[in-house]
Amino acid sequence: MTEIAIIVLAAGKGTRMKSALPKVMHRAAGRSLLGHVLHAAKGLAPRETVVVVGPDMAAVAAEAQGVFPAARTVVQEERLGTGHAVLMAKPALAGFTGTVLVLYGDVPLIGTESLRRLADLAGRSGLAVLGFEAADPKGYGRLLRNAEGHVIAIREELDASPEERAIKLCNSGIIAVSAERLWPLLARLGNANAKGEYYLTDVVELGASDGLSCALAVCSEAEVAGVNDRVQLAAIEATLQLAYRRRHMLNGATLTAPETVFFSADTEIGQDVVIGPHVVFGPGVAVADGAEVLGFSHLEGARVGPSARIGPYARLRPGAVIGEGAHIGNFVEVKKAEIGPGAKANHLSYIGDARVGRGSNIGAGTITCNYDGYEKHLTDIGENVFVGSNTALVAPVKLGDGVNVAAGSVITRNVPANALAIGRAELEVRDGWAARYREMKAARKAAKKKV
Ligand code: UD1
Ligand code: CA
């Protein structure tokens, strides 16, 4: 197999997004548009990956690095067209001799399989484009073919004749060219067209005039849907969610109301996991086999162990690690905390920067006071600890194994194993006081009325 290099065009600002953020940094299913494209590219195990960004797009470069550390970034200072943008990657690909695949950073649903088909075709013929039948071809470049079905030119909408505009077979923009053919063709591009741009698409016509035939791979229109505004971004999100719900159900998860559950691209769900209605999975969540995530829970950057039960109305934040069979109940927030196997925090709690040992029970209303306004501190709770309701654990603090904390306590220092900790005001009970109080108040009220 010929080696593959990927060039992702991402220099567009995306004016129609009306955003301070470069277009490819916008997210769908918790992943940037660029991230989606790079993930699809990764599947081809490319030898080189180059992202072409605009000036002042350090954030895009960082994003590319984060998703795909092997990716390099080059800057296109002036936006002179797609052909010019590809040319910017030439120095980075010096010495590369395989097939170059050009992708768009704002076409996020592209699949690895279509890319592989396209690359295979180009590996054989030297040049191949990915086309699709458009329901409404307006705005796209049209693919012009000869009698053998080879693509002989790509005509941009603005440069097309009325007959050419009637063609529904359109250019996705994604193209594969052998490196040896690509650079000489790009050097010959002109900009005598309606937009005055150096069009990448013109390599097809130039190649044809040299006797290079361009192969065609066809994919669905949905797969090459682009993002130009936030309405299209929402459409991409919806498409991805449909696909992820289906994938997780087919992999053995029960979704009682799939249309209300939102996944991230990287969500991992085990077998026999039950997910209730209105659950949101932010990035970085893994749920092990047999766990239950009940309705209205929100998870992000969290690991849920086998047969654990989360929610309803639970919030797991980054660094939450829930052990096997543990329970995290309603209105419980867990952040950067390890909850041991079988441990329970069933109601109304905040557990942050903490460790909770196996089998411990965290009573309703327990709060780890982890922050002093400057730093975060650890609350370390041993195994089989019983923390009574409405306890404040002022970190840094450590409760040994088997400790019992009386309800309503404020725990400000370490408690040794198997001790009772009780820290609350002395209770006073005054016999008959309430009855006397009512009598006195009622009498006063009656006296006022008479006046
Ligand atoms: C392009 C194709 C068209 C195709 C359509 C599919 C060309 C000339 N036309 O048209 O045939 O049907 O995509 O959506 O290629 N970009 C840069 N630098 C530039 C210009 C563009 O990085 O100088 C990037 C943009 O950010 C974008 C992509 O290339 O991601 C496509 O550019 P755009 O101007 O949107 O091309 P279209 O006119 O849509
Ligand atoms: Ca476009």
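See the structure printed just above.
Treat the numbers as computed from the prediction; the structure is a model and nothing was measured. (Residues numbered from 1 in each chain as written. Chains lettered and ligands numbered in written order. Predicted model: local features only at pLDDT ≥ 70, side-chain atom pairs only at ≥ 80, totals over all residues. Heavy atoms only, no water.)

### Focus on the overall build of the protein
Argument step 1. Helix and strand counts for the protein come out as 9 helices and 33 strands.
Argument step 2. A compact globule built from 451 residues should have a C-alpha radius of gyration of about 22 Å, whereas the protein, at 31 Å, is more than 25% larger.
Argument step 3. Overall, the C-alpha framework of the protein stretches about 105 × 60 × 40 Å when taken along its three principal axes.
Argument step 4. Every one of the 451 residues in the protein was classed for burial, and the buried ones make up 49%.
Argument step 5. Of note, the protein has its 49 positive side-chain charges centred 10 Å away from the centre of its 46 negative side-chain charges. (Helix = DSSP H or I, 4+ residues; strand = E, 2+ residues; numbered from the N terminus. Rg over C-alpha atoms; globule rule 2.2 N^0.38 Å. Buried < 20%, exposed > 50% of the residue type's maximum accessible area, 1.4 Å probe, protein only. Lys, Arg positive; Asp, Glu negative; His and termini not counted. Charge placed at Lys NZ, Arg CZ, Asp CG, Glu CD.)

### Structural notes on the pattern of salt bridges
Argument step 1. Scanning the model with the defined rule gives 15 salt bridges in all.
Argument step 2. A salt bridge links Asp229 to Arg16; the shortest N-O distance between them is 3.6 Å. On the criterion of sequence distance, the pair formed by Asp229 in the loop between strand E11 (215–218) and helix H8 (230–250) and Arg16 in the loop between strand E1 (4–10) and strand E2 (27–28) is long-range, its members being 213 residues apart.
Argument step 3. Arg16 gets classed as exposed once you look at its relative accessible area, which sits at 52%.
Argument step 4. Residues Arg355 and Asp380 are paired through a salt bridge, measuring 2.6 Å at the closest nitrogen-oxygen approach. (Salt bridge = Lys/Arg side-chain N within 4 Å of Asp/Glu carboxyl O.)

### A few points about the state of the cysteines
Linking two cysteines covalently via their sulfur atoms produces the bond known as a disulfide.
Argument step 1. For the coordinates displayed, the defined rule picks out 0 disulfides.
Argument step 2. Just so you know, Cys214 is unpaired, no disulfide at all, and the nearest cysteine sulfur is the one on Cys219, 14 Å from it.
Argument step 3. Free of any disulfide, Cys219 has its nearest cysteine sulfur in Cys170, 11 Å distant. (Disulfide = S-S within 2.5 Å.)

### Here we look at the environment of Gly226
Argument step 1. Inspection of the secondary structure puts Gly226 in the loop between E11 and H8.
Argument step 2. If sequence neighbours within four positions are ignored, Gly226 has contacts with Asp106, Val107 and Gln232. (Contact = heavy atoms within 4.5 Å.)

### Quick word on a nonpolar patch on the surface
Argument step 1. Taken together, the side chains of Phe296, Tyr313, Phe331 and Leu348 define a hydrophobic patch exposed on the protein surface, amounting to about 420 Å² of accessible area.
Argument step 2. Within the secondary structure, Phe296 sits in the loop between strand E17 (292–293) and strand E18 (298–299).
Argument step 3. On the accessibility criterion, Phe296 (42% relative accessible area) is partly exposed. (Patch = residues over 30% accessible without salt bridge, like charges linked within 9 Å, V, L, I, M, F, W, Y side chains within 5 Å. Areas by Shrake-Rupley, 256 points an atom, 1.4 Å probe, with all protein chains shown as cover.)

### Thoughts on the pairing of strand E4 (residues 48–53)
Argument step 1. Taken across its 6 residues, E4 has 6 buried, putting it largely inside the fold.
Argument step 2. Side-chain alternation along E4 places Glu48, Val50 and Val52 on one buried face and Thr49, Val51 and Val53 on a second face that is also buried.
Argument step 3. Sheet analysis places E1 next to E4, joined by 6 bridges and oriented parallel. Bridging across to E4, Val8 finds its partner in Val51.
Argument step 4. With 4 bridges connecting them, E4 and strand E5 (residues 72–75) associate as parallel partners. Opposite Val51, over in E5, you have Thr73 as the bridge partner.
Argument step 5. The parallel pair E4 and E5 is bridged by helix H2 (residues 58–67), and the resulting crossover is right-handed. (Pairing = 2+ DSSP bridges. Right-handed = clockwise from strand over helix to strand, strands pointing away.)

### Side note on the site of ligand 1
Argument step 1. Taken together, 19 residues form the shell around ligand 1, and within it Gln76, Gly81, Thr82, Glu156 and Asn171 come nearest.
Argument step 2. At 3.3 Å, a backbone N or O of Ala11 approaches an oxygen atom of ligand 1.
Argument step 3. About the coverage of ligand 1: the protein hides 87% of its 750 Å² of free accessible area.
Argument step 4. Put simply, the parts of the chain that give the shell around ligand 1 at least two residues each are helix H3 (82–87) and strand E10 (169–178). (Near = heavy atom within 4 Å. Polar contact = N/O pair within 3.5 Å; in protein donor to acceptor, adjacent residues only side chain to side chain.)

### Concerning H2
Argument step 1. If you check which residues of H2 are buried, you get Val60, Glu63, Ala64 and Val67. One side of H2 holds all its buried residues, which, seen down the axis, span an arc of 100°. In H2, the exposed positions that point more than 90 degrees away from the buried face belong to Ala58 and Gly66.
Argument step 2. Buried residues along H2 sit in contact with E2, strand E3 (31–32), helix H1 (33–42) and E4. (Arc of directions from axis to C-beta.)

### Examining unusual backbone geometry
Argument step 1. For the bond running from Gly311 to Pro312, omega is 0°, close enough to zero to count as cis.
Argument step 2. Considering the arrangement of structural elements, one finds Pro312 in the loop between strand E20 (309–310) and strand E21 (315–316).
Argument step 3. Here the residue pair Ala395 and Pro396 is connected by a cis peptide bond, since its omega of 0° sits within 30 degrees of zero.
Argument step 4. Relative to the helices and strands, Pro396 is located in the loop between strand E29 (392–394) and strand E30 (397–399).
Argument step 5. In this structure, Lys336 takes a positive phi of about 40° despite not being glycine.
Argument step 6. The residue Lys336 is located in strand E23 (residues 327–339) in this model.
Argument step 7. In this structure, Asn418 is a non-glycine residue whose phi angle is positive, near 65°.

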